[in-house]
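Coordinate analysis (summary)
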Amino acid sequence: MLESLNDKELVTKFKAGDKAAFEELFQRYKEKAFHLAMRISRNSEDAEEIIQETFMNVYRKISSFEEKSAFSSWLYRITVNSAFMKLRTRK
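Analysis parameters
Residues numbered from 1 in each chain as written. Predicted model: local features only at pLDDT ≥ 70, side-chain atom pairs only at ≥ 80, totals over all residues. Heavy atoms only, no water. Helix = DSSP H or I, 4+ residues; strand = E, 2+ residues; numbered from the N terminus. Contact = heavy atoms within 4.5 Å. Salt bridge = Lys/Arg side-chain N within 4 Å of Asp/Glu carboxyl O. Buried < 20%, exposed > 50% of the residue type's maximum accessible area, 1.4 Å probe, protein only.

Looking at where Phe34 falls in the secondary structure, it is placed in helix α2 (residues 19-41). Sequence separation of Phe34 and Ala47 is 13 residues, and the distance between their C-alpha atoms is 6.1 Å. Beyond its immediate stretch of four places on either side in the chain, Phe34 contacts Ser44, Ala47, Glu48 and Ile51.

Shown next, in the form of structure tokens:
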């Protein structure tokens, strides 16, 4: 059922406390976010940690998502920021 909803509808449900909506968003975007993290980190273990950090941030900060842009854009920005933080701590 949730698979048929668009991102905006899932975000609305997730903001209202629907954890299944978060799970659906995670399933939709985990691979794309992982590939982005891999392009930046060039390390699969780091990319896995980046994805964990990314989705933890999404879970904690969904209420701050203003929906002025697409959910995917917001998610990818969090992924990039998490990747850069990981690279900084690795040096």
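Bringing the environment of Leu36 into the picture now. Within the secondary structure, Leu36 sits in helix α2. Once residues within four sequence positions are removed from consideration, Leu36 is found in contact with Tyr76, Thr79 and Val80.

According to the stated counting rule, one finds 8 salt bridges in the structure shown. We note a salt bridge from Glu67 to Lys8, for which the minimum N-O separation is 3.3 Å. Placement of the pair is Glu67 in the loop between α3 (44-61) and α4 (71-90) and Lys8 in helix α1 (residues 7-15), with a sequence separation of 59 residues. Take Glu67: its relative accessible area is 26%, and that puts it in the partly exposed class. Under the relative-accessibility criterion, Lys8 is labelled exposed at 55%. Note that Glu49 and Lys86 form a salt bridge whose closest N and O atoms lie 2.3 Å from each other.

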